[in-house]
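Understanding the architecture of this molecule
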Amino acid sequence: MEGFIIALFVCMVLALISKYLKVPAIPFYILAGVVLGKAGLGIVHSNEISHFFSEMGLLFLLFFMGLELKLDKMIADPSKLLTSGLIGLAVDMGIGFTAAYLLGFSLQEAFIIGTAFYITSTAIVITSLIENRKLMQRETETIIWLEVFEDIVLIIIIALLSMGNENLLFFFVKIALALGVMYLIAHYGKEFLISLLDRGDEIPLLFTFAAVLITASLSIFIGVPETMMVIALGAALATTDPEAFEQHARPFKDVFLVMFFVFFGVTIDFSTGVDLFTIVVICLLAVVSKLISGLLIGIAVHGSALSGLEIWANTISRGEFSIALAVLYGSPVVGTVVAVLVIFTTLVGAFTSKYSTWMRRAIVRLGRRSAPPRRLHLKH
Amino acid sequence: MPLRSQNLPGIGTKYEFSTDKGDTVAIFFTRTGTVQMYTLQQGCQTPSAAEMTPMEARRLGNILTGAIIEADQESVEIAFSALADLRITLHTLIIPASIDGKTIEDLQIRAKTGATVIAVSRHSMNIINPPASFVFEAGDTALVIGETDQIKKLEREISVE
């Protein structure tokens, strides 16, 4: 228990520092876990309590993701979403998967690394767009849709991975039934749910917390993946009053998710036989592959490589979803790779998103300097 | 000047319009509760931005609607288009030492000027709808409501006293 309190205290200090420096806090939490845990000082160990907290963090992360799914908006203008989304998926997932497989990981491990490699951190990307005052740029909208597309892909991948060896038909019937029940409750109980959330006492928080936990345990009971069901619960409840649910789920998500990151760091063990070369290659490729996909998307959607550079600069950071995948389906080796990947990309991403305008200007200036003869020629 | 509004998932609501001269202004109400305003001059590549708290954004709104704002006294003018363009001004006044100890009744504020004191702020406490027997202290901030002329008259009265 003492270890747990130490971790909590360290996180609080780190959170303050990261807010002060205006850099994402996720890498700090993981690093704190690594330093305090198995790979470092060994002060903090994961136990039942920490396991419970991490699990809560994951569930609320997924619940939130469900709440923010806006399917109606995506159907409204699918062309942009699909072009950029599919380019990103093909390039990043392709590079990540191939690299991991060639570096000697098994097919499934390579698939998980590939996905973790592809999925960026919505939280970090959106926050840095706001903090760096980039909301007006035309690339921002493309980036936002990229994030939405990634969420959909993630849900499909979670469904695929959690299916395991079950009978396909039976599995889908179970999921469809559970989804149906949830949507019926959200549809016919809408008024009642909204009146519950409107109360000023402890009911809204208690209800939100209970809804997520009950859904998770019921889905384990009937044998469907609780991750899927919690996302579906979020999506179903988003049809009632998503703002109220977000407001009441946020305290749980904020606290538990920090624990989730720290204890992910705690379980990292560098002696699991992953060599430095593999990690370095994957980290560098993670930045390069986003550059390739970013440039392609920039040219395809905006007709400009500079736009692609801007997209790249803002979508480097991997984060919560990559870790969630590693925790849910990855081996210890995958966990280590993803931990370093997240720390490295978030730090690089924080830098590039802050200085992208400056980079663009420098490139434009260089381009001008190297092409004056052509200009003179044009004038004549 | 068509105003476009858009909901951006994860970010918030965006409002954007182009002025007749070709400049663009965009306002974002972000999920984090802040308001960001971007202005892009015609022909420029990068917009300039300002981030505001909701309070600051309201202040900016007041300035843009044409209300006067001074360092320690501010006015808000509200126009009700449904009520034959009724224009009402809310104005804050700092009570000078000259009327320290006088009541609203003594000063005959409503009879003389037509304006009404609707709230007084003293040591960061607010007294809403003070009675006629309310005694002013120097340094109080009074919130008065009335037409612009009535407010001006009141300001003159107070400085004469």
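To start, this report covers the structure provided alongside it. (Residues numbered from 1 in each chain as written. Chains lettered and ligands numbered in written order. Predicted model: local features only at pLDDT ≥ 70, side-chain atom pairs only at ≥ 80, totals over all residues. Heavy atoms only, no water.)

1. Points about the side chain of Ser128 of chain A
Basically, it comes down to this: Strands are runs of DSSP state E lasting at least two residues, helices are runs of H or I lasting at least four, and both sets are numbered from the N terminus onward. Contacts are residue-level and defined by heavy atoms, with any inter-residue pair within 4.5 Å sufficient.
With respect to the secondary-structure elements, Ser128 of chain A resides in helix 7 (residues 122-131). Apart from the residues within four sequence positions on either side, Ser128 of chain A is in contact with Asn314 and Ser353 of chain A.

2. What about the packing of helix 3 (residues 48-67) of chain A against helix 16 (residues 320-329) of chain A?
All names here are of chain A. Rules: To obtain an axis, a line is fitted to C-alpha atoms, over the contacting stretch when the element is a helix, and the angle between two such axes runs from 0 to 180 degrees between their N-to-C directions. For classification purposes, angles smaller than 35 degrees are called roughly parallel, those larger than 145 roughly antiparallel, those between 65 and 115 roughly perpendicular, and all remaining angles oblique. What makes a crossing left-handed is the near helix being turned counterclockwise from the far one by less than a right angle; a clockwise turn instead makes it right-handed. Lys, Arg, Asp and Glu make up the charged group, whereas Ala, Val, Leu, Ile, Met, Phe, Trp, Tyr, Cys and Pro make up the nonpolar group; the residues left over, Gly among them, are polar.
Axis separation between helix 3 and helix 16 bottoms out at 11 Å; the angle between their running directions is 130°. It follows from the interaxial angle that helix 3 and helix 16 lie oblique. The hand of the helix 3/helix 16 crossing is left-handed. The residues of helix 16 that touch helix 3, namely those facing Leu58, Leu61 and Met65, are Glu320, Phe321, Ala324 and Leu328. Tallied by class, the residues present in the contact of helix 3 with helix 16 amount to six nonpolar, no polar and one charged.

3. Here's the deal with the interface of chain B and chain A
Heads up, the condition is: Take the accessible area each of two parts loses on contact, using a 1.4 Å probe, and add the two losses: that sum is the buried area. Just to be clear on terms, a salt bridge is a Lys or Arg side-chain nitrogen sitting within 4 Å of an Asp or Glu carboxyl oxygen. Polar contact is the term for a pair of N or O atoms within 3.5 Å; when the atoms are in protein, one must be able to donate a hydrogen and the other to accept it, and sequence-neighboring residues count only if both atoms are side-chain atoms.
Between chain B and chain A, the residue contacts involve 19 residues of the former and 16 residues of the latter. Contact between chain B and chain A buries roughly 1700 Å² in total, counting both sides, with carbon and sulfur atoms accounting for 66%. It is Pro9, Ile11 and Arg31 of chain B in chain B that bury the most area against chain A; as a group they hold 33% of the surface buried on that side. Remark: the boundary between chain B and chain A carries two salt bridges. The shortest N-O distance in the salt bridge between Arg31 of chain B and Glu246 of chain A comes to 3.5 Å. Viewed at the interface, chain A and chain B are joined by seven residue pairs in polar contact (both at pLDDT 80 or more). A per-class count over the side of chain B that touches chain A returns nine nonpolar, seven polar and three charged.

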